[in-house]
Amino acid sequence: MHKIYLSLLIVSFTYAQSINFEEVLEMTIKNSKDLQQQQLNIDSSKLDSKMIDYINYGKLSISEEFNRTNHAGYVFNSKLSSREASFRDFGFAQVGDMSNFDIQPTDLNYPDDRNNFNTKITYDIPLFTGFKLSNQKDILKLQEKANELKYNLDKKTLEFEVLKAYNSAVVAKDYVQALEKAKIAVSKIVESADAFHKEGFVTKIDVNEAKVYELNINSTLIEAKNSFQLALAYLRFLSSNDEISDVQELENRYFHFPNEEELYKIALENRDEIKIQDIQVNANKKSIEIAKSAYYPTLYSHLEYGYNDDKLTIDDDKNYYIALVGLSLTLFDGTRDVEKEKSKIEYVKATLNQEKLKDAIKLELKKAILNLEAKEAILKEKIEAKNLANNILEQAKLQYQNRLISMTNLLLQEANYRKNESMLIQARYEKALALANINLILGQNIKEENN
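Residues numbered from 1 in each chain as written. Predicted model: local features only at pLDDT ≥ 70, side-chain atom pairs only at ≥ 80, totals over all residues. Heavy atoms only, no water.

A closer look at the overall build of the protein chain
Item 1. Check the secondary structure of the protein chain and you find 12 helices and 6 strands.
Item 2. Taken over C-alpha atoms, the radius of gyration comes to 42 Å for the protein chain, far larger than the 22 Å a tight globule of 451 residues would show.
Item 3. With respect to the principal axes defined by its C-alpha atoms, the protein chain has extents near 150 × 65 × 35 Å.
Item 4. Here the protein chain, with 451 residues, has 35% of them falling under the buried criterion.
Item 5. By sequence separation, contacts in the protein chain at least 24 residues apart represent 84% of the contacts at least 6 residues apart.
Item 6. Per element, the accessible surface of the protein chain, about 27,200 Å² overall, is 55% carbon and sulfur.
Item 7. Of note, the protein chain has its 59 positive side-chain charges centred 6 Å away from the centre of its 69 negative side-chain charges. (Helix = DSSP H or I, 4+ residues; strand = E, 2+ residues; numbered from the N terminus. Rg over C-alpha atoms; globule rule 2.2 N^0.38 Å. Buried < 20%, exposed > 50% of the residue type's maximum accessible area, 1.4 Å probe, protein only. Contact = heavy atoms within 4.5 Å. Areas by Shrake-Rupley, 256 points an atom, 1.4 Å probe, with all protein chains shown as cover. Lys, Arg positive; Asp, Glu negative; His and termini not counted. Charge placed at Lys NZ, Arg CZ, Asp CG, Glu CD.)

Considering the sheet that holds strand β3 (residues 114-128)
Item 1. An order of β2-β3-β5-β6 is seen for the 4 strands of this open sheet, with the pairing classed as antiparallel. The open sheet is flanked by β2 (59-69) and β6 (319-328), the only strands paired with a single partner. Strand-to-strand twist across the sheet, computed as the mean angle between neighbouring axes with direction ignored, equals 20 degrees.
Item 2. Pairing analysis gives 11 bridges linking β3 to strand β5 (residues 298-309), with the strands arranged antiparallel. Among the inter-strand pairings, proline 126 is bridged to a residue of β5, identified as tyrosine 300.
Item 3. Running over the sheet, helix α4 (residues 72-81) touches β2, β3 and β5 and is turned about 75 degrees from β3. (Pairing = 2+ DSSP bridges. Axes fitted to C-alpha atoms, helices over the stretch in contact; angles between N-to-C directions.)

What to know about the pairing of β3
Item 1. Relative to β3, β2 is paired through 11 bridges, and the arrangement is antiparallel. Paired with lysine 59 across the bridge in β3 is aspartate 124.

Observations concerning the environment of asparagine 371
Item 1. Mapping asparagine 371 onto the fold places it in helix α10 (residues 334-401).
Item 2. Note: C-alpha distance between asparagine 371 and leucine 435 (64 residues apart in sequence) is 9.4 Å.

Here we look at the packing of helix α3 (residues 33-57) against helix α6 (residues 132-199)
Item 1. Between α3 and α6, the shortest axis-to-axis distance is 9 Å and the interhelical angle comes to 170 degrees. Taken together, α3 and α6 sit at an angle that is classed as roughly antiparallel.
Item 2. Of the residues in the contact of α3 with α6, the class split is 8 nonpolar, 8 polar and 10 charged. (Parallel < 35°, antiparallel > 145°, perpendicular 65-115°, else oblique. Nonpolar A, V, L, I, M, F, W, Y, C, P; charged D, E, K, R; others polar.)

What about the side chain of glutamate 251?
Item 1. Tracing the chain through its elements places glutamate 251 in the loop between β4 (244-247) and α8 (260-270).
Item 2. Sequence-distant contacts of glutamate 251, defined by excluding residues within four places in its chain, comprise Phe21, Glu22, Leu163, Tyr166, Asn167 and Ala432.

What to know about the pattern of salt bridges
Item 1. Per the counting criterion, the structure on display carries 28 salt bridges.
Item 2. With its nearest N and O atoms 3.9 Å apart, the salt bridge here joins arginine 68 to aspartate 113. Residue arginine 68 is found in strand β2, and its partner aspartate 113 is found in the loop between α5 (106-109) and β3; the two are separated by 45 residues along the sequence.
Item 3. Taking relative accessible area as the criterion, aspartate 113 reaches 46% and is therefore assigned partly exposed.
Item 4. The salt bridge involving lysine 366 is made with glutamate 260; its shortest N-O contact spans 3.3 Å. (Salt bridge = Lys/Arg side-chain N within 4 Å of Asp/Glu carboxyl O.)

Examining the environment of phenylalanine 76
Item 1. Looking at the element boundaries, phenylalanine 76 is found in helix α4.
Item 2. With sequence-adjacent residues up to four places away left out, phenylalanine 76 is seen in contact with Asp89, Phe90 and Leu108.

Details of unusual backbone geometry
Item 1. In this structure, phenylalanine 131 is a non-glycine residue whose phi angle is positive, near 65 degrees.
Item 2. You can see phenylalanine 131 is positioned in the loop between β3 and α6.
Item 3. Even without being glycine, arginine 403 reaches a positive phi, approximately 60 degrees.
Item 4. By the element assignment, arginine 403 lies in the loop between α10 and α11 (407-441).

Examining α4
Item 1. The complete set of buried residues in α4 reads Val75, Phe76 and Ser78. The buried residues of α4 occupy one face: seen down the axis, they fall within an arc of 160 degrees. (Arc of directions from axis to C-beta.)

Section: the packing of aromatic side chains
Item 1. Summed over all chains, the structure comprises 10 aromatic pairs.
Item 2. Measuring from ring centre to ring centre gives 6.1 Å for tyrosine 234 and phenylalanine 237, while their planes differ by 15 degrees; the resulting arrangement is stacked. Taken together, the residues tyrosine 234 and phenylalanine 237, both in helix α7 (residues 204-239) and 3 residues apart, mark about one turn of the helix.
Item 3. For tyrosine 234, a relative accessible area of 33% gives the class partly exposed.
Item 4. By way of ring pairs, the aromatic residues Phe128, Phe131 and Tyr296 are connected into one cluster.
Item 5. Sitting above the plane of the tyrosine 264 ring, lysine 362 keeps its charged end 5.4 Å from the centroid.
Item 6. Taking the ring centre of phenylalanine 201 as reference, the NZ or CZ of arginine 403 above it sits at 4.4 Å. (Phe/Tyr/Trp six-rings, centres within 6.5 Å; stacked < 30°, edge-to-face > 60°. Lys NZ or Arg CZ within 6 Å of the ring centre and 35° of its normal.)

Notes on α6
Item 1. Along its 68 residues, α6 runs 99 Å from first to last C-alpha, staying within 8% of the 100 Å computed at 1.5 Å per residue.
Item 2. Looking one or two residues beyond α6, the residue adopting positive phi is glycine 200, at roughly 85 degrees. (Expected span 1.5 Å × (residues − 1).)

Structure representation (structure tokens):
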């Protein structure tokens, strides 16, 4: 039994993994199913663009059509197509002296069943579509670019989520470590109270108070450990790595902070949402051109070469060709005007959304900067508060040892110190999150910035 437990313990340590932010970020980006789907969208949009090219190249087809019929028109046509028609097929055998034109010739109206094979190669190509295809290709190219931007936008959002999740795990770990230190410190207080009680310097109440406080620390530690495991579980989910068992130091994003106006310019240059909106504006502009294409004539061509006979053949005597060029111009269609006006409206709406987005980013940045300034000020205060609380706690310990204060007062200072310690841990996390949020608002990739 001990050997089995030891083996399991060795395996557990072998596969346990302490990970830093860069590692978990790389794993998450590599294994993200959402990013993989976005990449497939990019690949699909590239194929859409190629489809327009292939339409411009035209369509080459080969076909074989077979029919058997006694339909007078089809039989006569197939004989003409295979160059086999004779005067008998016209019914001339029954006309006689050509004096009775009301005779209904049997050979013409009631022909024998006939097989017909039509083997042909056709080539159809649009010669001019009123610039519709070229504008459609431009829109598809814009869509391809939009999908690439959407991929990068999702990547940035995922990076932010990973940083938040990773730092949450670090904070949970720090809180566990702080409570473990508190447990040791409180154990010493319990031991001290117990020793004083044996010497008769304090009552049993002091000992029990310390033990109650110790039990509360233990229960809080259990909750903190559970929170840490939950944070690790989320990291494992994001990264698709089930072996993560620990995290390292808190991750902060440090970058140069110019004035607010400069930051706004950076955000407008980098934000993928702005670039996507630009694409939407351009796409709607192209849609107007597509609507205008309905007013132009269209020019097309059809080429055909084949063989027609009552059996499969490639006899040159049975071949034929067709070369056709067609021109089509719509003289009146009221829906064209409607489509053009609707396209113009969509274009104006896209430009309005673009301006609205810029205003929203400006507000978002302003709020993020104010939030960061507040978090930095709070962190500074929390560092000082923790140091003061620690000094007060150390003085309280001395006062208790000299029996100048009660156990209640000592535990009160201990609790106050632990509270300030946890608030400092949270303040560090919130500042790191505020920095990462500004980085996201500026449209900057965390991973690329590090590289």
